[in-house]
Amino acid sequence: MALPLTVVEDFAWPDFDRWQAFFTARDAFPARWDGLRVVPLPHSPEAEAYQQRKLLLFSEWLEMLAHRTTMLAHYARQGIQPRVVRQHAGPPCPACDPFNAREVGPDPAATPPFHPGCRCVLVAARAAPARRRSRPDERPRSRAG
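Structure report, in brief. (Residues numbered from 1 in each chain as written. Predicted model: local features only at pLDDT ≥ 70, side-chain atom pairs only at ≥ 80, totals over all residues. Heavy atoms only, no water.)

**Describing the environment of Lys54**
Secondary-structure assignment places Lys54 in helix α2 (residues 45-78). Of the residues examined, Lys54 reaches a relative accessible area of 3% and is grouped as buried. For the pair Lys54 and Phe16, spaced 38 residues apart in the sequence, the C-alpha separation amounts to 8.5 Å. Residues in contact with Lys54, not counting those within four places in the same chain, are Asp10, Phe11, Trp13, Phe16, Asp17 and Leu36. In terms of polar contacts, Lys54 uses its side chain to reach the backbone carbonyl oxygen of Phe11, at 3.0 Å. (Helix = DSSP H or I, 4+ residues; strand = E, 2+ residues; numbered from the N terminus. Buried < 20%, exposed > 50% of the residue type's maximum accessible area, 1.4 Å probe, protein only. Contact = heavy atoms within 4.5 Å. Polar contact = N/O pair within 3.5 Å; in protein donor to acceptor, adjacent residues only side chain to side chain.)

**Remarks on the nonpolar core**
Formed by 23 residues in total, the largest nonpolar core has its most connected members in Phe16, Phe23, Trp33 and Leu122. Listing elements by their share of this core, those giving two or more residues are α1 (14-26), α2 and β2 (120-124). (Core = buried A, V, L, I, M, F, W, Y, C linked by side-chain atoms within 4.5 Å.)

**Quick look at the side chain of His115**
Among the secondary structure elements, His115 is positioned in the loop between β1 (82-86) and β2. Since its relative accessible area comes to 1%, His115 is described here as buried. Excluding residues that lie within four positions of it along the chain, His115 makes contacts with Trp19, Phe23, Pro30, Trp33, Trp61, Met64, Cys93, Ala95 and Cys96.

So, in structure tokens, the structure goes:
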């Protein structure tokens, strides 16, 4: 059984600060950022909840980054082109929306930013069905109407 984690003070996370500034400037935050839009005053009742929420987002983000690399490698081994799919149907994310439904290559740098709280996932892009070639001795089929 896991013991509850108590955060005594806020921790430095430069990527979080950068993304918080990005979303603040656009006044559009991803769904997973509930409770993280505004930094509360230190030692306030809101500060511990904020720090717990930020720590949870950090742990999810690290797991997601590791999973992305694993998934890209898996798709590359299988010869499958992955596509970015946004899981959340809410308002579009200003960072991710340009990538939604796009195919990506095996290079992690060419994928969406996968920011903290990102709800994008990589899925196998469906390959176009192979066209059946007709044989030279085969007559075209007529359609009954």
